[in-house]
Amino acid sequence: MPSQTQASVSVLKTVVLCLVSFILLLGSAAVAEPGPVQEVLTTEIFQLQLPVFHDEALAGTDMEKLFKNLPTLPGPNWPMADAEGWNALKGTDGSFELNKPDSGAAVQYLVFYAESDRWQKATLSINCALPMVINLGDEKITLGEKDDDGLRTADLKLPIGKHRVAIRILLDSASEEAADFSLSIEAAEDAQLFASTDPSHSVTIQTILEAPRVGRVAVSPDGRFTVLKLSEFRDGTTRENWLEIRRTKDLKVERYLRGMGSPSSVSWYPGTGKETALTWETSHDDRSTVWLFNLESGETRAVLEHVADLGSWQWAPDGASIIYEIQRSPDEDKRKVKHVAHPADRQSWWRDRSHLMQAFPAGGLERQLTAGPLDAGGWEISPDSKSLIFFTSENDWTNRPFRISKLWMMDLATLTVKELLNDPWIGGAHFSPDGKTLCLTGSPSAFDGMGRNLPDGVQANDYGGQVYLMDLDDLKPRPISIDFIPDVGWTKWSVADGKIYTRCTDTQYNNIYRYDPKKDRWEKVETGVESTDQISIPDEGHLAVARGTSATHPNTVQVIDLKKNSVKKTFDPGEAQYDGESIVFGKVETWAADLPNGEKLDGMVYYPADFDPAKKYPLIVYYYGGTSPITRDFGGRYPKNVWAGQGYVVYVPNPSGATGYGQKMAARHVNDWGIITAGEVIDGTRAFLAAHDFAMADRVGCMGASYGGFLTEYIITQTDLFAAAISHAGISSISSYWGEGMWGYAYGTRALANSYPWKDRELYVEQSSLFHADKINTPLLLVHGDSDINVPVGESDQLFTALKILGREVEYVQIQGQDHHILNHEQRIVWNDTILAFFARHLKDRAGWWDELYPEPEDYR
């Protein structure tokens, strides 16, 4: 049995840090209406004392090196008072006596919360001669040299909100330095700084990006198990993925699969009454392997090994074979030239093609199913594993939407094919459980407008989703959603109950609905969240699993009892980050504006967590891009909760043209380009200001992205209502976007249906902000990924140039190496800060944050 000293040394060298004595230092409690403070002095600490390790336990240990490698803060990221054994200890004017052990050494963690009313550069002053490490959040802070009074200082750059400052101090009995400690913080000029014993704080962009989240759920065919694919940023920069297999009925963990790299295409081996096995794909050195993991035996074996250029794959329902895609690319022209065949050929990947293969793992055999110059896409295997349906698409540049799309069925015994339909407005097909009928998804214009629910002469918004059924014996389609208001997206025909499940955009919500073919009836499925991202339905049983978010609640998983249509169980992977760190949210409520034409404009409002209707707040107005409404999902690329946490009220109208409100409203998107939508945003904002005294009419900002960025730029040519405007990846000239953007002409087949620059000058010129740049008086921030192939960066370039020549107030920030969406973790944080700093500058008269992010250059003009 090891001695007490040997055991102590072992424990000391672990990250568990059993040597550490913890002290939680918190500021004095803030009063309800605190006044400005220039110097903050703490008067109370909470401590938790653990055993001290003595000299014999530290023999041969480099204590200072160990001390420097300790974590920023062990335990909870935002420690709470009166929890987990913390005890109060009084101090005087920020001074505390730290007790050295009689022998050996100890470490003390000191934590306090500093809350700032704006971005500021505060000054932290510490008087302590002992070794210490200081962190502001996860950023290390370096103290300067001692002054004549023994003080060491450091700058704390604090955006608006609450911040955690963690200090760890080495207390070594051998040190001759006194164990005295004091600190204070001096606020910047005209800024306010408060100390608080309350760790509750608004959500930050870092938490949204880094908290664990579920990216996929899949229920086993027999319904007994569910696999979750989860991910999180372990070190703040690298996302780690892992799998958890849980019992469906109670979501208790059965298996935990981590350290597998980055598993993708996670699904279950098909069928019931067979082995319960999970399957997934991993990649290494540009080759992919498909694995099969037997849940009962724990055996993992490769069923498709080291495949180069592997695309999507799927098990046949009988489990005997895998059908998969092999990608191929043409040889490069050694002359370093490219003869562009047509507009789509400008895309670097357009000439890439794929063919389908079928592998039989049991016998090691495989065969090629398709070949030729066209891809076989959107494919699905029949329930009896005897047939395969797939789409082919080729260009038709003289007819909208500039392509021919055909659906084929292949007999897998003979490899003969049969054409089932030819319609460019159909994009998805799924077998019924008996294999006799197809569920087809497409736009209202499919089948010569069979899905339209509009007056004659009104062009449908072909981004709207409709559902059709087509029996394979007669190939006659029939619409089933023509009078259904929500916009249909993903579909799944359930083997278990024979109903068609769909994920729908439903005004402000993303809901699951199911259609009963026998009763010709739609029904909403209750998932317990406001925005359902996915639902997985078993082949047997009545327990489905969904994942989704709500406006004030992050990613969760729900077990749904499909018979009772109710939520049975919920799992929250981010509970420790959100609940454990005392993150608080303001309310989110629906608010509809009364428009001058008598219509209602649907919308929602995000409030700060500490909202007080007696106070005044600046207002941010944010609206949709593309043609999809803003829904009540959490986080996302434009996190309204983060904006509200910065002290803004956020008003989100969903103007005409948005899908999910019925075909009539969606159709207004076509060839409108601001005529209706801009007026509704302006009128909705004025109505909001008139109805809410707390909103400051002279402190209103507007923001949109992509089509929403276009709308921002167009709106500020029509009104001076807004004190600041932000356009991310906005379109300033419809004609240049239409011709130059890689997707411009394709988006135009729907949003500019049958309108072209040579015959619709009024639309292409008069609705473009570039040609009305002289009417823009609102300070404008243009933000654009410099590698955007959807909306070319030139759309921001040209408006920026025009406004500079006109002498208007404009800022322009390019996000280097990013496309239409800003996906890089670190750049997303800078992008978010840029948006908030610009609004703080113009809606709060606080330019410090912006000046820190983008200081005036000293080396050039």
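Residues numbered from 1 in each chain as written. Predicted model: local features only at pLDDT ≥ 70, side-chain atom pairs only at ≥ 80, totals over all residues. Heavy atoms only, no water.

Participant: Explain the packing of aromatic side chains to me, please; I cannot follow it from the model alone.
Facilitator: The way to describe two aromatic rings as a pair is by their centre distance and the angle between their planes. Evaluation of the coordinates by the stated rule reveals 41 aromatic pairs. Pairing tyrosine 651 with phenylalanine 688 gives two aromatic rings, centres 4.9 Å apart and planes at 15°, and the pair type is stacked. Pair noted here: tyrosine 651 is in strand β49 (residues 649-653) and phenylalanine 688 is in helix α8 (residues 677-691), with a separation of 37 residues, a long-range link. Neither residue differs from the other here; tyrosine 651 and phenylalanine 688 are each classed as buried. Put simply, the rings of Tyr463, Tyr624, Trp673, Tyr707, Phe710, Tyr714, Tyr737 and Tyr747 pair up and form one aromatic cluster. Between arginine 246 and the ring centre of phenylalanine 571, over which it is positioned, the NZ or CZ distance is 4.0 Å. Sitting over the face of the ring of tryptophan 242, arginine 258 holds its NZ or CZ atom 3.7 Å from the ring centroid. (Phe/Tyr/Trp six-rings, centres within 6.5 Å; stacked < 30°, edge-to-face > 60°. Helix = DSSP H or I, 4+ residues; strand = E, 2+ residues; numbered from the N terminus. Buried < 20%, exposed > 50% of the residue type's maximum accessible area, 1.4 Å probe, protein only. Lys NZ or Arg CZ within 6 Å of the ring centre and 35° of its normal.)

Participant: Sorry, what's going on with the sheet that holds strand β47 (residues 603-606) here?
Facilitator: Two orientations exist for strands paired in a sheet by backbone hydrogen bonds: parallel and antiparallel. The eight strands are arranged β44-β47-β49-β48-β50-β51-β52-β53 in an open sheet whose pairing can be described as mixed. The outermost strands of the open sheet, each flanked by one partner alone, are β44 (588-590) and β53 (810-815). Averaged over neighbouring strand pairs, the angle between their axes works out to 20° when direction is ignored. Along the sheet face, helix α13 (residues 794-805) touches β52 (780-785) and β53 and points at about 155° away from the line of β53. Together, β48 (617-622), β50 (695-705), β51 (724-728), β52 and β53 form the strand contacts of helix α14 (residues 825-843), whose direction differs from that of β51 by roughly 160°. (Pairing = 2+ DSSP bridges. Axes fitted to C-alpha atoms, helices over the stretch in contact; angles between N-to-C directions. Contact = heavy atoms within 4.5 Å.)

Participant: Where do I start with the pattern of salt bridges in this structure?
Facilitator: Opposite charge on two side chains permits them to pair, given that their charged atoms come into close proximity. By the definition in use, this model includes 26 salt bridges. With a shortest N-O distance of 2.9 Å, aspartate 117 and arginine 118 are connected by a salt bridge. By relative accessible area, aspartate 117 is classed as buried at 14%. Aspartate 138 is the salt-bridge partner of arginine 164, the closest N and O atoms lying 3.8 Å from each other. A residue pair is termed long-range when its members are at least 10 positions apart, and arginine 164 in strand β11 (residues 161-172) and aspartate 138 in the loop between β8 (132-136) and β9 (139-141) qualify at 26 residues. (Salt bridge = Lys/Arg side-chain N within 4 Å of Asp/Glu carboxyl O.)

Participant: Any chance you could explain a nonpolar patch on the surface here in plain terms?
Facilitator: On the surface, Trp349, Trp743 and Ile789 cluster together to form a nonpolar patch covering roughly 280 Å² of accessible area. By the secondary structure assignment, tryptophan 349 is in the loop between β24 (322-328) and β25 (353-360). Judged by relative accessible area, which is 40%, tryptophan 349 ranks as partly exposed. (Patch = residues over 30% accessible without salt bridge, like charges linked within 9 Å, V, L, I, M, F, W, Y side chains within 5 Å. Areas by Shrake-Rupley, 256 points an atom, 1.4 Å probe, with all protein chains shown as cover.)

Participant: Honestly, the pairing of strand β23 (residues 310-315) in this entry has me stumped. Any pointers?
Facilitator: In the case of a regular strand, side chains alternate between the two sheet surfaces. Of the pairings in the sheet, the one linking β23 to β24 comprises four bridges and is antiparallel in character. Residue tryptophan 313 lies in a different strand from β24, and its bridge partner there is tyrosine 324. In sequence, β23 turns back onto β24 through a hairpin of six residues, with glycine 319 there showing a positive phi of about 75°.

Participant: How should I be thinking about the state of the cysteines in this particular structure?
Facilitator: Two cysteines joined by a covalent bond between their sulfur atoms form a disulfide. Counting across every chain of the model gives zero disulfides. With no disulfide of its own, cysteine 439 has cysteine 504 as its nearest cysteine by sulfur position, at a separation of 11 Å. (Disulfide = S-S within 2.5 Å.)

Participant: Help me understand the pairing of strand β35 (residues 487-493), please; the structure alone is not making it clear to me.
Facilitator: Sheet analysis places β35 next to strand β36 (residues 500-506), joined by five bridges and oriented antiparallel. Note on β36: the bridge partner recorded for valine 488 is cysteine 504. Between β35 and β36, which pair antiparallel and follow one another directly, the connecting turn spans six residues, one of which, glycine 498, has a positive phi of 75°.

Participant: Looking at this structure, how should I read the sheet that holds strand β20 (residues 277-284)?
Facilitator: Pairing within the open sheet is antiparallel, and its four strands lie in the order β19-β20-β21-β22. Bordering the open sheet on either side are β19 (264-268) and β22 (300-308), each of which pairs with just one other strand. Sheet twist, expressed as the average angle between the axes of neighbouring strands with direction ignored, equals 15°. The pairing of β19 with β20 spans three bridges and is classified as antiparallel. Bridged to serine 264 within β20 is glutamate 281.

Participant: Sorry if this is basic, but what is going on with α14 here?
Facilitator: One full turn of an α-helix is made of 3.6 residues, so residues set three or four places apart face in the same direction. In this model α14 runs 27 Å from its N-terminal to its C-terminal C-alpha over 19 residues, within 8% of the 27 Å that 1.5 Å per residue would give. Of all the 19 residues making up α14, 15 are buried; the element is thus mostly covered by neighbouring parts of the structure. Structurally, the start of α14 carries an N-cap: the backbone nitrogen of glutamate 826 is 3.1 Å from a side-chain oxygen of asparagine 824. A positive phi of about 55° marks aspartate 845, the residue just after α14. (Expected span 1.5 Å × (residues − 1). Polar contact = N/O pair within 3.5 Å; in protein donor to acceptor, adjacent residues only side chain to side chain.)

Participant: What am I meant to see in the side chain of glutamine 120 here?
Facilitator: Turning to its location among the elements, glutamine 120 is positioned in strand β7 (residues 120-127). On the basis of relative accessibility, which here comes to 2%, the residue glutamine 120 falls in the buried class. A polar contact is formed between the side chain of glutamine 120 and the backbone oxygen of glutamine 192, at a distance of 3.1 Å. Those residues within four positions of glutamine 120 in sequence are excluded, and the remaining contacts are Leu156, Lys157, Leu158, Ala187, Ala188, Ala191, Gln192 and Leu193.

Participant: What is the right way to read the nonpolar core from this model?
Facilitator: The nonpolar side chains of a soluble globular protein tend to be buried with one another. Counting residues in each nonpolar core, the largest one holds 101 residues, and the members touching the most others are Val621, Trp643, Val649, Tyr651, Trp673, Phe688 and Phe839. In terms of residues, this core owes the most to one element, α14, which gives eight residues. Setting aside residues no more than four positions away along its own chain, phenylalanine 839 makes contact with Ile620, Tyr648, Gly701, Cys702, Met703, Ala724, Ile726 and Lys844. Met132, Ala179, Leu183 and Ile185 belong to the second-largest nonpolar core, a separate cluster that totals 27 residues. (Core = buried A, V, L, I, M, F, W, Y, C linked by side-chain atoms within 4.5 Å.)

Participant: Which parts of the structure should I look at to understand α13?
Facilitator: With twelve residues, α13 extends 16 Å from end C-alpha to end C-alpha; this agrees with the ideal 16 Å at 1.5 Å per step. If you check which residues of α13 are buried, you get Glu795, Ser796, Leu799, Ala802 and Leu803. Down the axis of α13, the smallest arc covering the buried residues is 130°, so these residues share one side. The inward-facing, buried residues of α13 abut α9 (707-715), α10 (734-740), β52 and β53. Residue glycine 807 follows α13 closely and has a positive phi angle near 75°. (Arc of directions from axis to C-beta.)

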